[in-house]
Amino acid sequence: MPDDRTAPLLQVENLKRQFQVRQRGSRESQLLRAVDGVSLHLEAGESLGVVGESGCGKSTLARLIVGLLKPTEGRILIDGQDIWTPGAAGRDRRRKFQMVFQNPAGSMNPRRTVGASVAEPLTAKGVPNASEAVERMLELVGLDPSMASRKPHQLSGGQQQRASIARALIADPAIVVHDESIASLDISLQAQILNLLLDLQKDLGTSYIFISHDLAAVQAISHRVVVMYLGEVVEASDSTTFAQRPLHPYSLALRSATLLPDPVHERGRGDTLLRGDVPSPINPPSGCRFHTRCPLAKDLCLQQKPALRDAGSGHLVACHYAGDTTRPLEMSEEVV
Amino acid sequence: MLRMIGMRLLGMILVLLAVSALVFALGALIPGDLTSVIVGQEGATEEQFAEVRRKLGLDKPLFLQYFYWLLNVLQGDFGTSPITGRTVTADLLQQIPVSLELALLTLVVSTLIGLPAGVVAAVHANKRLDVLIRMSLLFTFSVPIFVIGILLLLVGSRWAPDLFRVSYTRWVDDPVMHIRSMAMPLLTIAFPITAMTMQMTRSSVLEVLHNPYIVTARAVGVREKRIQYLHALRNALPPIVTFIGFQLGILLGGLIVIEQIFSLPGLGRGMLEAINTRDYPMVTATTLVFAAAFVFINALVDMLYPLLDPRQRGR
Amino acid sequence: MTDRPVLRVENLTTRFETDHGAVTAVDSVSFEVAPGETLGLVGESGSGKSVTAMSVLGLVPKPGRIVDGTIELNGTSLLKLSPEELRRRRGTECGMVFQNPMTALNPSFSVGWQMREAITAHGASGDVDARIHRALADVGMPDPDRQAASFPHQMSGGMRQRVVIAMGMINDPQLLIADEPTTALDVTIQAQVLNLMKRLTRDHGTALLLITHNMGVVANMCDRVAVMYAGEIVEEAPVDELFANSRHPYTRGLLRSIPNPDRPREKTPTLPGAPPNMAQLPAGCRFRPRCVFADARCGARPDLLTVGARHKARCWKTQAGEPLTETDRMTETLDAG
């Protein structure tokens, strides 16, 4: 029996997932390393934010963690126990995860009532009468319990997303993984959902993994932030430190690319941009995978892959030069 | 691309081999064989039977018979018909052009009418014109080919007897008479095929017209007609082409009926006659030709796909 | 000449006749875009901002119909034009950039072919290939000739959006309408595309009507802003004025509800409720059910009136000169369903 006391709630060890992909019109398949050696951990009652551009592997990571995909390599441990242990033990552990998707309408059966959809995780467990729990849950996420008898299309986008949050929480999961769960909502509703998630966490003690391309939204909810690039973690830090002092050039670029609702600030914005697109994860660049877009890249970065190292008090960064005080990591005009 | 065509060809050959084996086996399994046809049903002695069988090679094991048959077929020799006494190949060479002409004409006519009509119906979706077109469609759908054929024959021979009282004439013999002899069969079979092409075009174009890139084309000022017949139709083509290929299969079956009604000396009629007279070499030969046509059409459609959709061509 | 706006929209009303009754998606909307100016049209989904844009180009999707109003492009009233006359102005006087670059280009034709269509639709003149080359180079495409020969699916989203922008600008229109041009793109690509649009419109003196829901994009791009809510413009002001001194409770709530990236795990103040169902609009002020300042006056529908220098708002309270002072009730998080 592993020692529960020292093990974090969730421990992900060197997780890898590869896909065989075949381009159209071609017979040869290639290896796409969607998630390539990710390790992270999450404590009970906390939130972990995962941020990165499309194609960085964050959605694959979400599916791996909740057990919708099987890893090619690596382990996912909940309370120190592998979720892919064969048989009922593994299955029970995987049930401790729930997921909230980007498109709430698409994740609910349009022919069933909202109540039936919300009750799903309970009925799957064999709980016979879930209607009371459904009502309680709907109220908790700020919906009128009468909504249970409606069909998903009779709800607005924000209400649908509240209902899918209710569904995720109803069976008392240890961890809820949010994959871009607020991305398709209007701004005023995004803030409502973020606040709701904060409140629910306080009340229920659920842990979140919050995956998003929106750095501000990730920081708004997370205790700890992980930045991914081409299937790898390039930076991990508690969110306060990260907000004050991101270290990896990619994190800096993401932050500088986030537009602020402040015309004065925006006018003063230099062209601190990242060149080009995310390279294909099929043939990722050699050495540091970010070197093709990095304004600081040197020869070393082309040849040697930087390890994820501790830059002080648990602030992890995978960069040869990050934290080097002789070369301040401010990106200059010449970047573009 | 070349590699893909190669793979396709190999696949075609394998399918045709399988079909030939099946056709041959069916012929062999049907009670009664060529011997009885040649020798006659009654009054022949066992010795006579055995003699004929040996001559025809029917005493050998089935797979050997198949092997020899196949060897001959590959050299273009389908054997000799015991009924007509002519070589099957000679008959086929007479029949194939007739059916092929009818099939190709049907394809051309139905596409030339069906495609634009389908675009018009899609553009006017659910308006009066579209409803009218679709009503007439429904009508042609619900009436079988042979009914249309017989109706045309009955009504037509009354009103325009000149157009109908013609027996099949070859183009080389008299072009005008040839056209007159082909007009009615073509009209009969092109009717439902055109209707189907149009229906398919309508739904495919209708779907494409909802795409954002159509709005983009409008926003840069491309003329509406050009958007409909070029920008939209081009994207609607892949499913339509697949469907037309599929229709050709139905068309092959239709030929048997049409050629019978209008007394055209084509492959379908030849096949039917052969079945009636138990002309086994002819039955197997015509079946094989039909199967080959079907396989060929399917392969052609598959190979057209990358041409029609750049996304299938890879990077 | 200089004081004539490129685009003048007055009392534009666009209605959709649906099975569930008529929905007035755009209700008496008026605004102007000056030459070279960038006007932001801001709102949430369903606010009518996209329908407004489509109305300008005469491309309102069925069953929508412009039922009232005037649209003047370069002084010509568009609603009086024949379809052919309107077509000739699309692309030449007013270009358009769409939200989703993945679907805005025709998958069956090469990029160059589609750009050629945009040119030849208005009568080809001069060397078309050279124009395509220039346009692609202008939007920062490396190796323009090779890119012209490639198909949309061979390009990344950012590259496709550059092509869409190049197509919108290729006939050098006086006005470019961009409908959520960066919403479908990653943030790093968004910054690139916005910078590109800024440079192009500046270099060509093109006015830009930018439709977006993203206040960061507005702050970055716009000279003036019109905020739409439930089919109406509720506030209009120069960009600095709007962000510093918004005079409509909706705008103010919207600005406050953007999470601050520098302050993690802090609750963001929110607008309560959700935008109204356009088929069942509340009587009086349409924002009233969500408004913390609502009082008896709000039972009547307010007009969009001047409340300051170049600043208009559709709110009884600010029109009466009363400040939108935040009460204790407002600083709390309002979080109703």
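Residues numbered from 1 in each chain as written. Chains lettered and ligands numbered in written order. Predicted model: local features only at pLDDT ≥ 70, side-chain atom pairs only at ≥ 80, totals over all residues. Heavy atoms only, no water.

Some words on the packing of aromatic side chains
Under the counting rule described, the total for this entry stands at twelve aromatic pairs over all chains. Their ring planes at 35° and their centres at 5.2 Å tell us that B:F24 and B:W69 sit as a pair that is tilted. Here the residue B:F24 occupies a position in helix 1 (residues 2–29), and B:W69 occupies one in helix 4 (residues 62–74), the gap between them amounting to 45 residues. Residue class for B:F24 comes out buried when judged on its relative accessible area of 14%. Sitting above the plane of the C:F109 ring, B:R234 keeps its charged end 5.6 Å from the centroid. (Phe/Tyr/Trp six-rings, centres within 6.5 Å; stacked < 30°, edge-to-face > 60°. Helix = DSSP H or I, 4+ residues; strand = E, 2+ residues; numbered from the N terminus. Buried < 20%, exposed > 50% of the residue type's maximum accessible area, 1.4 Å probe, protein only. Lys NZ or Arg CZ within 6 Å of the ring centre and 35° of its normal.)

Some points on the domain arrangement of chain B
All names here are of chain B. Looking at chain B, the domain boundaries give domain 1 (2–74) and domain 2 (98–313). On a C-alpha basis, the centres of domain 1 and domain 2 stand 34 Å from each other. Listed per partner, the contact involves 19 residues of domain 1 and 14 residues of domain 2. The junction of domain 1 with domain 2 conceals about 1,400 Å² of combined surface from both sides, 81% of it contributed by carbon and sulfur atoms. In this assembly, domain 1 and domain 2 are joined by zero salt bridges. Between domain 1 and domain 2 we count zero residue pairs in polar contact (both at pLDDT 80 or more) in total. At the level of secondary structure, the elements contributing two or more residues to the side of domain 1 that touches domain 2 comprise helix 1, helix 2 (34–39) and helix 4. With eleven residues, helix 1 is the single largest residue contributor to the side of domain 1 that touches domain 2. Its residues assigned to classes, the side of domain 1 that touches domain 2 comprises 14 nonpolar, three polar and two charged. (Domains from an automatic or database assignment. Contact = heavy atoms within 4.5 Å. Buried area = accessible area lost by both parts, 1.4 Å probe. Salt bridge = Lys/Arg side-chain N within 4 Å of Asp/Glu carboxyl O. Polar contact = N/O pair within 3.5 Å; in protein donor to acceptor, adjacent residues only side chain to side chain. Nonpolar A, V, L, I, M, F, W, Y, C, P; charged D, E, K, R; others polar.)

Some points on the interface of chain C and chain A
Between chain C and chain A, the residue contacts involve 44 residues of the former and 46 residues of the latter. Between chain C and chain A lies a buried interface of about 3,800 Å² when both sides are counted; carbon and sulfur atoms form 55% of it. Considering only the side of chain C, the residues that lose the most area to chain A are C:T188, C:P261 and C:R265, jointly responsible for 18% of the buried surface there. For the salt bridge of A:D199 with C:K267, the shortest nitrogen-to-oxygen distance reads 2.6 Å. Viewed at the interface, chain A and chain C are joined by 18 residue pairs in polar contact (both at pLDDT 80 or more). Residue assignment for the side of chain C that touches chain A shows that the elements contributing at least two residues are helix 7 (187–204), helix 8 (215–221) and helix 9 (239–244) of chain C. The dominant element in the side of chain C that touches chain A, judged by the number of residues it contributes, is helix 7 of chain C, at eight residues.

Some details on the environment of C:G43
All names here are of chain C. One can find G43 in the loop between strand 3 (38–42) and helix 1 (49–56). Separated by 211 residues in sequence, G43 and L254 have C-alpha atoms that sit 9.2 Å apart. For G43, the residues in contact, after removing those within four places along its chain, are K49, T212, H213 and M228.

Looking at the side chain of B:S20
Residue and element names in this part refer to chain B. Mapped onto the elements of the fold, S20 is located in helix 1. Taking the relative accessible area as the measure of exposure, S20 reaches 2% and is therefore buried. Here the side chain of S20 touches Y66 through a polar contact of 2.8 Å, side chain to side chain. In this structure S20 touches Y66, W69, L70 and L288, once residues within four positions along its chain are discounted.

Observations concerning the side chain of C:T212
Residues and elements named next belong to chain C. Tracing the chain through its elements places T212 in strand 8 (residues 207–212). For T212, the side chain forms a polar contact with the main-chain nitrogen of N214, separated by 2.9 Å. Once you skip the residues sitting within four places of it in the chain, T212 turns out to touch L41, V42, G43, K49, E180, V217 and V218.

A word on the nonpolar core
Judged by nonpolar contacts, the single largest core of 119 residues is most densely connected at C:L7, C:L175, C:I177 and C:L209. Aside from chain neighbours lying at most four places away, what touches C:L175 is C:V6, C:L7, C:V33, C:L73, C:E93, C:C94, C:G95, C:T206, C:A207, C:L208 and C:L209. Among the nonpolar cores identified, the runner-up in size contains 64 residues, and A:V114, A:L197, A:A253 and A:A257 belong to it. (Core = buried A, V, L, I, M, F, W, Y, C linked by side-chain atoms within 4.5 Å.)

Remarks on a negative patch on the surface
All names here are of chain A. A grouping of E132, E135, E139 and D144 is seen on the molecular surface, where their side chains present a negatively charged patch. For E139, the location among the structural elements is in helix 4 (residues 131–140). In this structure E139 comes out as exposed when scored by relative accessible area, which is 53%. (Patch = residues over 30% accessible without salt bridge, like charges linked within 9 Å, V, L, I, M, F, W, Y side chains within 5 Å. Areas by Shrake-Rupley, 256 points an atom, 1.4 Å probe, with all protein chains shown as cover. Lys, Arg positive; Asp, Glu negative; His and termini not counted. Charge placed at Lys NZ, Arg CZ, Asp CG, Glu CD.)

Observations regarding the pattern of salt bridges
When their charged atoms lie close together, side chains carrying opposite charge are able to pair. The final tally for this structure, using the stated rule, is 42 salt bridges over all chains. Between A:E53 and A:R293 there is a salt bridge whose closest N-O contact spans 3.0 Å. Linking A:E53 in the loop between strand 3 (47–51) and helix 1 (58–65) with A:R293 in the loop between helix 10 (263–267) and helix 11 (299–303), this pair joins segments that are 240 residues apart in sequence. Both residues of the pair, A:E53 and A:R293, belong to the buried class. One salt bridge connects C:E93 with C:R89, and the closest N-O pair in it is separated by 3.6 Å. When sorted by exposure, C:E93 lands in the same class as C:R89, which is buried. Linked by salt bridges that have partners in common, C:D27, C:E232, C:R286, C:R301 and C:R314 make up one network.

Some remarks on the environment of B:K60
Counting through the fold element by element, B:K60 comes out in the loop between helix 3 (46–56) and helix 4. Accessibility expressed as a relative area gives 39% for B:K60, which makes it partly exposed.

Notes on the pairing of strand 9 (residues 224–229) of chain A
All names here are of chain A. Of all six residues in strand 9, six are buried, a share of seventy percent or more. Taking every second residue as pointing to the same face, both faces of strand 9 are buried, with R224, V226 and M228 on one and V225, V227 and Y229 on the other. Across four bridges, strand 3 lies against strand 9 in parallel orientation. Among the inter-strand pairings, V51 is bridged to a residue of strand 9, identified as V227. Bridging between strand 9 and strand 10 (residues 232–238) involves six bridges; their strand directions are antiparallel. From the neighbouring strand, V226 faces strand 10, where its bridge partner is A236. Taken together, strand 9 and the strand that follows it, strand 10, pair antiparallel across an intervening segment of two residues, in which L230 is found at a positive phi of about 50°. (Pairing = 2+ DSSP bridges.)

Digging into helix 3 (residues 114–125) of chain A
All names here are of chain A. Buried within helix 3 we find V114, G115, S117, V118, A119, P121 and L122. Residues of helix 3 that are buried sit in contact with strand 6 (97–100), helix 4 and helix 5 (157–170). Just downstream of helix 3 lies G126, where phi reads positive at about 95°.

Notes on helix 7 (residues 145–159) of chain B
Residue and element names in this part refer to chain B. Taking 1.5 Å per residue as the helical rise, helix 7 with its 15 residues ought to reach 21 Å, and the 21 Å between its terminal C-alpha atoms agrees with that figure. What helix 7 keeps buried is the set I148, G149 and G156. What you see down the axis of helix 7 is that its buried residues fit within an arc of 95°, all on one side. Within helix 7, the exposed residues directed more than 90 degrees away from the buried face are L154 and R158. (Expected span 1.5 Å × (residues − 1). Arc of directions from axis to C-beta.)

Side note on the environment of B:G11
By the secondary structure assignment, B:G11 is in helix 1. For B:G11 and B:V295, which are 284 residues apart along the polypeptide, the C-alpha to C-alpha distance reads 9.6 Å.

Considerations on the sheet that holds strand 4 (residues 73–78) of chain A
All names here are of chain A. Ordered by their spatial adjacency, four strands build an open sheet running 2-1-4-5, and the pairing between neighbours is antiparallel. Two strands close off the open sheet at either side, each with one partner strand: strand 2 (29–42) and strand 5 (81–82). Strand direction decides the pairing type here: strand 1 (residues 10–22) and strand 2, joined by eleven bridges, are antiparallel. Within strand 2, the position partnered with K16 by the bridge is D36.

A closer look at the pairing of strand 10 of chain A
Residue and element names in this part refer to chain A. Among the seven residues that make up strand 10, six are buried, leaving the element largely enclosed by the rest of the structure. Where strand 10 meets strand 12 (residues 316–317), two bridges bridge the pair, whose relative direction is antiparallel. In the strand pairing of strand 12, E235 is matched with V317.

Digging into the packing of helix 6 (residues 157–169) of chain C against helix 7 of chain C
Residue and element names in this part refer to chain C. Packing of helix 6 against helix 7 leaves a shortest axis separation of 10 Å and a crossing angle of 15°. Taken together, helix 6 and helix 7 sit at an angle that is classed as roughly parallel. Crossing angle aside, the handedness with which helix 6 passes helix 7 is right-handed. Contacts between helix 6 and helix 7 involve G158, Q161, R162, I165 and M169 from the first element and I189, Q192, V193, L196, M197, L200 and H204 from the second. (Axes fitted to C-alpha atoms, helices over the stretch in contact; angles between N-to-C directions. Parallel < 35°, antiparallel > 145°, perpendicular 65-115°, else oblique. Left-handed = near helix turned anticlockwise from the far one by under 90°.)

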